[in-house]
Every structure is written in C-alpha cells, then in structure tokens.
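Observations on chain architecture
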Amino acid sequence: MTENTVITVAGEQPYDVIVGRGILPLIGDALPESARKVLIVHPPTLAAQAADLRETLSRSHGAARQVLLAEIPDAEQGKRVEVAAFCWQVMGQADFTRTDAVVGFGGGAVTDLAGFVAATWLRGVALVQVPTTVLGMVDAAVGGKTGINTAEGKNLVGAFWPPRAVICDLDLLDSLSENERVAGFAEVVKAGFIWYPEILDLIEADPVAVVDPHSDAFRRCIELAIDMKARVVGEDLREAGLREVLNYGHTLGHAIEHAERYRWRHGAAISVGMLFAAELSRLAGRLSDAAAQRHRDILELLGLPTSYRVGAWNQLLATMQRDKKTRGSMLRFIVLDDIGKPTVLQAPDESLLFAAYQEVGQ
C-alpha cells in the first residue's frame, strides 16, 4: 500500500495537506474535538458520498456530534451570496457555535463557498477541506482563499481563512471523466510554468500517463503542484507579494469565465489565459519564442484550449480592468522572464495587450 504524502503549509496557522488513497477517515481526526456540530457542504453529484461521510463522522464522535448536510448547486452556480445565505440559515437553525466546524466536500467551487461560509459564520469556525477534483486538490482547497462571485466578476467577495487540514483522497478522482481531469490539470501545468519545470517534462514524456489518476506520473504532478502552492502561500497568505505569481494566466482567464457566464470550465479558461500571458511576456521582450511556443505545445498535447473569440477583446479588457488583481486603475499581469521565473508586468500599454490577444484570438 502506497504511503500517504504530507505537505505542510506554513504560516500563522499551519496545516497539513494529506495526499493518498482511502484516507477519508482522516477527516474525523482533523476536526476539532470540540466540534459538536459539523456542516458538510457538497454538490448534488456527491449526495450519496456525503451521506456516507455524515454517517462516518457521526459514528466517530458518538451521539454527541450532529452532522448536517448542505447540498448546493454545482460549479460556479454554487458560488453566490444566496447559496452562502442558505448555509448560514442551516447553521443558525442548528445553533452552530464558534467551536463547531464546516467540511467542504466537492470541487473548487464547493471548497471556495464552504471556506467563505466557515470564515464568516460567527467571524470564523473550523474548516476541513476535502477536494474531489484535480482543480480542488492542487488549487482551490489549498491556501486559505475563500470567495463568492458577483454580477461584476469572479471572487470579488471573499476572505482569507486557512483550513485545519486538506484531505486529498485520490480515490475520489477515479469517477471523474478524462475531460474533467484534463481541465483541472491546467492548474498543474501552471505550476510547471511558474515553479516546477519537472511537471512540463513529465507531460512531454507521456501526456496520457500524466492524466491517468493511477499512474506514478499523475501523482507526482499533483504533489509537485500542491507543494508549489504550499510554499508560496506559506510565505504570503494575503497576496502581499509572492502569492501574486499564482495568478499566472488568471487575469484573462477570469475575464473569459465571466464572458461565458461560467459555462467554460475554469481550467479551460486559464489555459487560454496562460498562452496569452506567455505571448504578452514574449512581446514585452521577456520570454523567448521557444518558451512561448512550449506553452502552446504542452497545452495542445493535453487537449486544452489555446484560443478564444477575437471579437471579444473589448469586453474582456473591460472585465480585466475590474479584476481584483488591478491596483488603482493599473492592470497587473504575471509574466515570465523564463520557464520557472515569474515576475510582474504593471500597466502594460493597451496596444501590447491587444497584440498579445491576437495570438490567441480566433
């Protein structure tokens, strides 16, 4: 039996990310002993598994613990203030106190919403994240960022709230379609571009194996991506500096998600966003032609999109100017000086942005 991997996220409130198979029982150990009530936030597709988890957590603490379920809409539809209010209502009616806890059980949107609910109920209760998708494991559930969307944009309302633990049970990925795994893998690719080039080497060596959840290459990529994020957020929880590098590809990517009313998968939008950022880096004289081309080649090897509607530029630019990564009226982009060497490009000329977009527009 393969041993579990434990990756510690440092900071004022350190916690462990545990990667393994068959490790859902560890959730009970991660919850505070004082938690007499636990809310499991989950999507409809995981209703049966959430019910099983409720039984497990109830038995682990005896009759003294009450475990409730809050089923929320899937994907970005769950990240709305009305959904958060529903969860608050459940907790209020059950008399949740500051010693109780929330479990986020689902993909990235679920863990974002569950984290926001935990951060805001009584100004903060214990949180354990149990991501069930690739995206959730390598990105959304790790780092303490929580949030909901508004009509104006994605994640504009949120809070920083580190969990007590993140349980990444790879068995949960077996039921995902290949398309879902590949879309989530965009965030893994991002980790390769900005931090661990080994990920890119593994993809180029065998693009089929890296998205097979039972392969050694897949697990290695997942663990490298988690380790990258743990290192970054452990040093910079509130995005005062280093954490900005995690936004590589996200400024345009979030604008595409907004334009598509979140019908595009996050990873698909970020894929286009990363190629845009690479072309912006190249046109700004920072990144070589070969490194920019490597972006396109790797994304296409995985079957991730590399283009978006050329006529959408004005709409996308307006959305980017409202993005939470903007400072004052100045747009900021994470670009690359080389693979594994991210930096900030502040207030680039709009003509440069437009030229970079022509490289991904179709």
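See the structure printed just above.
The present account deals with the structure reproduced in this document.

About the criteria used
Residues numbered from 1 in each chain as written. Predicted model: local features only at pLDDT ≥ 70, side-chain atom pairs only at ≥ 80, totals over all residues. Heavy atoms only, no water. Helix = DSSP H or I, 4+ residues; strand = E, 2+ residues; numbered from the N terminus. Rg over C-alpha atoms; globule rule 2.2 N^0.38 Å. Buried < 20%, exposed > 50% of the residue type's maximum accessible area, 1.4 Å probe, protein only. Contact = heavy atoms within 4.5 Å. Disulfide = S-S within 2.5 Å. Core = buried A, V, L, I, M, F, W, Y, C linked by side-chain atoms within 4.5 Å. Pairing = 2+ DSSP bridges. Axes fitted to C-alpha atoms, helices over the stretch in contact; angles between N-to-C directions.

It is worth spelling out the overall build of the protein at this point. Per the secondary structure count, the protein includes 13 helices and 11 strands. Against the 2.2 N^0.38 benchmark of 21 Å for 362 residues, the protein shows a C-alpha radius of gyration of 20 Å, consistent with a compact globule. By its C-alpha atoms, the protein is 65 × 45 × 35 Å across when sized along the principal axes. Taken over 362 residues, the protein has a buried fraction of 58%. Within the protein, counting contacts between residues at least 6 apart in sequence, those at least 24 apart form 74% of the total.

As for its placement among the helices and strands, glutamine 315 is situated in helix H12 (residues 313-320). Taking the C-alpha atoms as reference points, glutamine 315 and alanine 255, 60 residues apart in sequence, are found 8.4 Å from one another. Those residues in contact with glutamine 315, other than ones at most four positions away along the chain, are Ala259 and Arg309.

Here we take up the state of the cysteines. Across all of its chains, the model carries zero disulfides by this definition. Cysteine 221 supplies the cysteine sulfur nearest to cysteine 168, a cysteine that is in no disulfide, at a spacing of 15 Å.

Counting 81 residues, the largest nonpolar core has Phe185, Val189 and Phe276 as the members making the most contacts within it. The leading source of residues in this core is helix H8 (residues 216-235), at 11 residues. For phenylalanine 276, the contacting residues outside a window of four places in its chain are Leu252, Trp313, Phe333, Leu353, Ala356, Tyr357 and Val360. Judged by nonpolar contacts, the second largest core, of 25 residues, contains Leu39, Val90, Val110 and Ala118.

Take the sheet that holds strand S2 (residues 15-20) next. The seven strands are arranged S1-S2-S9-S6-S5-S3-S4 in an open sheet whose pairing can be described as mixed. Of all the strands in the sheet, the pair left with one neighbour each is strand S1 (5-9) and strand S4 (66-71). Along the sheet, successive strands turn relative to each other by an average axial angle of 15°, direction set aside.

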